[in-house]
Amino acid sequence: MFQKIYAVALISFLLIVPAQAQIKEASPFLPVGTPTIQVPGADAMLKFCKNTKPGYQEICDGYLRGIAEFQEFIWMGQMEPIFCLPDGWTESTMRPVVVSYISENLDNWQGRPALGAVIAALTNKFPCP
């Protein structure tokens, strides 16, 4: 079951994210200086989530929230959860877990999809009972 979920998530991720990470100034709809990102690799995700410039960690947190909400959505659909976040979780609960895991395992995740690394980090730290 996990392989199917991972495959669907990975394919969806790869379809919407281009081949290389880009950190650039965004669009005319955002205030000048607001960062945007497209994170295809775990190494790029790590750099972005560790960046303390205004807006970077918030965007990282939004990416993590999206993964967590997708996980909750599939769980509600009667599928087995991939990871089980603690009650009262927030993005700031997940970010240090993801940063630590990718940092410690960067050799394994270098150039590989950020989604896989994030799911591995959260599954490792927050396994389901």
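All figures in this text were calculated on a predicted structure; none of them were measured in a lab.

Secondary structure summary: the protein contains 6 helices and 2 strands in total. Along the protein, from the amino end to the carboxyl end, the secondary structure elements read α-β-β-α-α-α-α-α. Residues counted as buried form 40% of the 129 residues belonging to the protein. Nonlocal contacts in the protein, meaning residues at least 24 apart in sequence, comprise 58% of its contacts between residues at least 6 apart. Per element, the accessible surface of the protein, about 7,800 Å² overall, is 59% carbon and sulfur.

A few words on the packing of helix α3 (residues 56-76) against helix α6 (residues 114-125). Close contact between α3 and α6 brings their axes to 11 Å; oriented N to C, the two are set at 70 degrees. Between α3 and α6, the angle falls in the class roughly perpendicular. Crossing of α3 over α6 shows right-handed handedness. In contact with Tyr63, Leu64 and Ile67 of α3, α6 contributes Ala114, Leu115, Val118 and Ile119.

For the rest of this paragraph, the subject is the pattern of salt bridges. For the structure shown, the criterion picks out 3 salt bridges. With a shortest N-O distance of 2.8 Å, arginine 95 and aspartate 61 are connected by a salt bridge. Of this pair, arginine 95 sits in helix α4 (residues 91-104) while aspartate 61 is found in helix α3, placing the two residues 34 residues apart along the sequence. Aspartate 61 matches arginine 95 in its accessibility class, with the two residues each being buried. Put simply, glutamate 91 and arginine 65 hold a salt bridge, and the shortest N to O gap is 2.2 Å. Taken together, the residues span a long stretch of sequence, with glutamate 91 in helix α4 and arginine 65 in helix α3 at a distance of 26 residues. The class of glutamate 91 is buried, set by a relative accessible area of 16%. Here the salt bridges share partners, and the residues they tie into one network are Arg65, Glu69 and Glu91.

Reading the values: the criteria
- Residues numbered from 1 in each chain as written.
- Predicted model: local features only at pLDDT ≥ 70, side-chain atom pairs only at ≥ 80, totals over all residues.
- Heavy atoms only, no water.
- Helix = DSSP H or I, 4+ residues; strand = E, 2+ residues; numbered from the N terminus.
- Buried < 20%, exposed > 50% of the residue type's maximum accessible area, 1.4 Å probe, protein only.
- Contact = heavy atoms within 4.5 Å.
- Areas by Shrake-Rupley, 256 points an atom, 1.4 Å probe, with all protein chains shown as cover.
- Axes fitted to C-alpha atoms, helices over the stretch in contact; angles between N-to-C directions.
- Parallel < 35°, antiparallel > 145°, perpendicular 65-115°, else oblique.
- Left-handed = near helix turned anticlockwise from the far one by under 90°.
- Salt bridge = Lys/Arg side-chain N within 4 Å of Asp/Glu carboxyl O.

That's the geometry; what it means functionally is another story.
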